[in-house]
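Single-letter residue listing:
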Amino acid sequence: MDLLYPRCAGVDVHKDMVMVRVRCVSEPRVDETRSFATTTGALTELQEWMSAQGVTHVAMEATGVYWKPVWHLLEEHFELILANAQHIKNVPGRKTDVNDAAWIADLLAHGLIRASFVPPAPIQELRDLTRTRKQLVREIAQHSLRIQKTLEDANLKLGSVLSNILGRSGRAILGALIAGERDPEKLADLAQGHARKKRAALIEALHGRITAHHRSLLKIHLNLIAALEQALEHVDTEVGKALAPIQEGARLLTTIPGVSDLTAHIVVAEIGVDMARFPTAGHLLSWATMCPRNDESAGKRRSTRTRKGAPWLKTALVTAAWAAVRVKGSYLQGQFLRLKARRGAKKAILAVAASMLTAVWHMLKNSAEYKDLGADHFARRDRSKAILRLVRRLNDLGCEVQIAQAA
């Protein structure tokens with residue numbers, strides 16, 4: 001087996017320590033293992049030691065988020081490779097920290113480690129912001145449900161009348177309830193906009209048994225929601241600043257049916273705008289775990305389920321796919337209806353999301369806007385099969401069909 005990197009190192013990363021194996025087979029030869037703490041001073045000492053040994057390439061195992069500080073401190077001095085722990089498992093029964101570091105170094109020296117995708121620092125920062133935004137939205141939704149639970153406990157059916165209890169009308173009524181107002185008619189008079197037309201229903205819904213305990217809980221949740229919404233506004237501002245250099249790439253993605261500005265921001269944050277890291281669209285689909293897994297033995301396919309992966313990109317694309325298949329006359333709707341009849345809605349929607357990600361790869365690579373192929377693309381692609389299928393269907397229905405070519 002060819003030796004690709006004669007002076008390299010393997011790093012097994014943990015929370016409080018890293019085990020490092022330096023493997024140098026060219027002169028001067030070095031084969032040494034050392035342990036370092038994960039403090040900044042200790043990692044600086046690690047960098048100086050490897051530099052003194054002439055190390056050029058370093059591979060480290062991805063363990064949670066513990067690899068990030070090590071990566072940031074070493075990336076300016078060495079060629080780094082981040083390995084998926086599942087891809088480089090050692091022989092069972094021989095697992096120790098020292099053996100793991102040596103195993104990583106041996107695999108790296110012979111070029112047997114497939115590097116994980118690590119986006120540049122600006123994209124990593126944008127990714128942190130979009131993921132934080134999603135978590136804040138989830139927390140707001142959770143507190144909204146807790147407010148609904150508290151209202152139900154007080155037998156106030158506000159959620160049955162208002163579509164959004166955190167809208168202008170809902171917040172005004174909740175604020176009055178917290179302040180101690182009990183009269184349903186006075187509470188109903190606080191409704192705004194279209195909710196004023198539901199005054200009678202509001203009066204009926206606001207007859208309940210609210211106590212000081214309920215008011216205390218409502219106040220806590222409303223204050224938390226206000227704080228979360230303020231944080232959400234700050235995150236949106238930071239996302240806008242981080243997107244400024246790559247705004248054109250995000251704008252291109254919004255030309256895809258079903259892709260909103262928010263979805264475009266998430267996609268760009270997860271994969272970046274430079275598609276050189278993915279040789280083909282298939283490589284991107286495989287990285288995003290949006291294609292069938294390879295699971296074959298003795299010539300038989302055992303499973304075609306998708307692999308488990310980071311949920312951020314896949315969730316956003318599947319959500320966008322459900323919106324895209326509602327656009328009439330589009331290619332994505334035609335693909336969904338075609339697959340849904342045979343494979344079911346869940347597999348069909350994942351296939352649509354994969355098609356959208358394939359389009360994203362081509363659009364970012366060529367800096368081109370989305371061009372829809374049309375809902376009749378599949379019929380045009382194989383016209384003869386479509387004709388035979390329709391003739392066969394008419395024959396099954398008891399019709400005699402003669403095919404004649406149109407002038």
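Below or above, wherever it landed, is the structure these notes cover. Note that the structure is a prediction, hence the values are computed from the model and not measured.

1. Structural notes on unusual backbone geometry
Working step 1: Note the cis peptide between E27 and P28, where omega equals -10°.
Working step 2: Inspection of the secondary structure assignment puts P28 in the loop between β2 (17-24) and β3 (30-37).
Working step 3: Of note in the backbone geometry, N155 takes a positive phi value of approximately 60° without being a glycine.
Working step 4: Within the secondary structure, N155 is located in the loop between α4 (121-153) and α5 (158-161).
Working step 5: For T289, which is not glycine, the phi dihedral falls at a positive 55°.
Working step 6: Relative to the helices and strands, T289 resides in the loop between α12 (281-287) and β6 (296-297).

2. A word on a positive patch on the surface
Working step 1: A contiguous patch of positive charge on the surface is contributed by R305, K308, R338, R342, R343, K347, R381, R389 and R392.
Working step 2: A per-element tally of the positive patch places helix α14 (residues 331-343) first, with three residues.
Working step 3: Looking at the element boundaries, K347 is found in helix α15 (residues 345-366).
Working step 4: For K347, a relative accessible area of 46% corresponds to the partly exposed category.

3. With respect to the packing of aromatic side chains
Working step 1: On inspection of all chains with the given rule, the structure shows six aromatic pairs.
Working step 2: With 5.7 Å between their ring centres and 55° between their planes, F278 and W287 make a pair best called tilted.
Working step 3: By relative accessible area, which is 4% here, F278 ends up buried.
Working step 4: Ring geometry for W322 and F336: centres 5.8 Å apart, planes at 70°, overall edge-to-face. With W322 in helix α13 (residues 311-324) and F336 in helix α14, the pair connects residues that are 14 residues apart, well separated along the chain.
Working step 5: Looking at W322, the relative accessible area reads 33%, which means it is partly exposed.
Working step 6: Its relative accessible area of 7% is what places F336 among the buried residues.

Reading guide: rules and limits
- Residues numbered from 1 in each chain as written.
- Predicted model: local features only at pLDDT ≥ 70, side-chain atom pairs only at ≥ 80, totals over all residues.
- Heavy atoms only, no water.
- Helix = DSSP H or I, 4+ residues; strand = E, 2+ residues; numbered from the N terminus.
- Patch = residues over 30% accessible without salt bridge, like charges linked within 9 Å, V, L, I, M, F, W, Y side chains within 5 Å.
- Areas by Shrake-Rupley, 256 points an atom, 1.4 Å probe, with all protein chains shown as cover.
- Salt bridge = Lys/Arg side-chain N within 4 Å of Asp/Glu carboxyl O.
- Lys, Arg positive; Asp, Glu negative; His and termini not counted.
- Charge placed at Lys NZ, Arg CZ, Asp CG, Glu CD.
- Buried < 20%, exposed > 50% of the residue type's maximum accessible area, 1.4 Å probe, protein only.
- Phe/Tyr/Trp six-rings, centres within 6.5 Å; stacked < 30°, edge-to-face > 60°.

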